[in-house]
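Fold and contact review
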Amino acid sequence: MKIDCIAVDDEPIALKLITSYIEQTPFLNLQGTFGNAIEALKAIHQQPGLQLIFLDIRMADLSGVELARIIEQTGKKKGPRVIFTTAYDQYALEGFKVNALDYLLKPFSFVDFSKAAAKAYDYFEILESAQNNITPGTPVEKNYIYLKVDYQLVKVNIADILYIEGLKDYVKIFLANQDKPLLTLTSLKNLEEKLPASIFLRIHRSFIVSKEAVKSVTKNSVQITNTTIPVTEQYKEVFASFLKNWS
């Protein structure tokens with residue numbers, strides 16, 4: 001899923017920075033940048049499919065909050081939504097009164113930006129599911145996930161994942177055709193919830209494996225590439241069910 005967005009800021013340096021952040025985020029599709037809210041408003045009317053605005057608050061002629069209120073008054077409940085960017089924290093409450101998705105206080109890092117962008121992604125994914133008549137809470141299996149690696153969001157294809165190893169607050173994701181694993185700051189449990197159960201299997205407190213990547217098995221272990229991964233007692237029952245259908 002791609003999110004069509006624009007950035008609005010009357011400070012050229014700030015606009016350049018947020019533009020670079022958007023361009024580094026795989027699921028954001030930049031449709032334009034604007035130095036004031038009036039120019040942005042024209043673009044919003046011309047682009048009915050626009051979904052998200054990264055919007056500075058304190059600007060001349062028309063403030064970001066005023067622009068957000070105009071957008072609300074148009075009755076477009078499905079978008080565009082707003083993420084405010086400002087150097088003045090006193091505007092936070094006023095920003096949320098116009099139903100902003102998030103609020104970024106300058107100066108903010110790419111990590112802070114990524115968290116806000118991920119919140120927008122979750123929002124539009126739920127909206128898309130509702131439009132497709134998918135019951136809220138129903139798992140939707142995708143062929144990719146996004147992971148935070150080295151201060152950026154990386155798109156990882158599900159089919160490329162061989163196995164995953166948990167290391168306290170981090171996990172290592174071992175991928176096909178890559179010598180080094182990806183290292184991301186998350187828990188194994190959190191990642192397990194994002195992965196389709198039809199493809200992945202938890203066989204150890206510290207390991208999740210791709211069923212499709214398993215080369216050979218014993219009663220107590222699996223082999224993926226040249227790595228042997230043990231099955232612990234806690235997961236023996238689940239593993240036994242896997243063995244019945246494995247070939």
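Everything here concerns the structure above.
Residues numbered from 1 in each chain as written. Predicted model: local features only at pLDDT ≥ 70, side-chain atom pairs only at ≥ 80, totals over all residues. Heavy atoms only, no water.

**Remarks on the nonpolar core**
Phe27, Leu28, Leu52, Phe54, Ile83 and Phe113 are the most contacted members of the largest nonpolar core, which has 26 residues in total. Of all the secondary-structure elements, those providing two or more residues to this core are β1 (3-8), α1 (12-23), β3 (52-56), α5 (110-131) and β6 (144-149). Leaving out residues up to four positions away in the same chain, Phe113 has contacts with Ile18, Tyr21, Ile22, Thr25, Leu28, Phe54, Leu104 and Phe108. With 22 residues, the next largest nonpolar core counts Ala40, Leu55, Ala100 and Tyr103 among its residues. (Core = buried A, V, L, I, M, F, W, Y, C linked by side-chain atoms within 4.5 Å. Buried < 20%, exposed > 50% of the residue type's maximum accessible area, 1.4 Å probe, protein only. Helix = DSSP H or I, 4+ residues; strand = E, 2+ residues; numbered from the N terminus. Contact = heavy atoms within 4.5 Å.)

**Details of the sheet that holds strand β9 (residues 170-175)**
On the basis of which strands lie adjacent, the open sheet formed by 5 strands has the order β10-β9-β8-β12-β11 and antiparallel pairing. Of all the strands in the sheet, just β10 (182-185) and β11 (200-204) have a single pairing partner and so form its edges. Between one strand axis and the next, the sheet turns by 20° as a mean value, whatever way the strands run. (Pairing = 2+ DSSP bridges. Axes fitted to C-alpha atoms, helices over the stretch in contact; angles between N-to-C directions.)

**Considering the packing of helix α2 (residues 37-46) against helix α3 (residues 64-73)**
As a packed pair, α2 and α3 sit with axes 10 Å apart at the nearest point and diverge in direction by 20°. When the interaxial angle is binned, α2 and α3 end up roughly parallel. Between α2 and α3 lies a crossing whose hand is right-handed. Across from Ala37, Ala40, Leu41 and Ile44 in α2, the residues of α3 making contact are Leu67, Ile70 and Ile71. A class-by-class count of the residues in the contact of α2 with α3 yields 7 nonpolar, no polar and no charged. (Parallel < 35°, antiparallel > 145°, perpendicular 65-115°, else oblique. Left-handed = near helix turned anticlockwise from the far one by under 90°. Nonpolar A, V, L, I, M, F, W, Y, C, P; charged D, E, K, R; others polar.)

**Describing a nonpolar patch on the surface**
Where nonpolar side chains cluster on the molecular surface, the patch consists of Leu167, Tyr170, Leu183 and Leu185 and spans about 380 Å² of accessible area. In this structure, Leu185 sits in strand β10. (Patch = residues over 30% accessible without salt bridge, like charges linked within 9 Å, V, L, I, M, F, W, Y side chains within 5 Å. Areas by Shrake-Rupley, 256 points an atom, 1.4 Å probe, with all protein chains shown as cover. Salt bridge = Lys/Arg side-chain N within 4 Å of Asp/Glu carboxyl O.)

**Section: the sheet that holds strand β13 (residues 216-217)**
Strand order across the open sheet formed by 3 strands is β13-β14-β15, with antiparallel pairing between neighbours. Only two strands of the sheet have a single neighbouring strand rather than two, namely β13 and β15 (227-230). Of the pairings in the sheet, the one linking strand β14 (residues 221-224) to β15 comprises 4 bridges and is antiparallel in character. When the sheet's bridge partners are listed, Val222 is paired in β15 with Ile229.

**Looking at α1**
Spanning 12 residues, α1 covers 16 Å between terminal C-alpha atoms, matching the ideal 16 Å at 1.5 Å per step. Where α1 is concerned, the buried positions are Ala14, Leu15, Ile18, Thr19, Tyr21 and Ile22. Taken end-on, α1 shows its buried residues confined to a sector of 160°, consistent with a single buried face. In α1, the exposed positions angled more than 90 degrees off the buried face are occupied by Pro12, Ile13, Lys16 and Glu23. (Expected span 1.5 Å × (residues − 1). Arc of directions from axis to C-beta.)

**Quick notes on the side chain of Ser63**
Examined against the element boundaries, Ser63 turns out to sit in the loop between β3 and α3. The residues touching Ser63, leaving out its near neighbours within four places in the chain, are Ala37 and Ile57.

**Observations concerning the pattern of salt bridges**
Summed over the entire model, instances satisfying the criterion amount to 5 salt bridges. Of the charged contacts in the structure, one is a salt bridge between Lys106 and Asp9, with a shortest N-O distance of 2.6 Å. Of this pair, Lys106 sits in the loop between β5 (102-105) and α5 while Asp9 is found in the loop between β1 and α1, placing the two residues 97 residues apart along the sequence. Like Asp9, Lys106 is buried.

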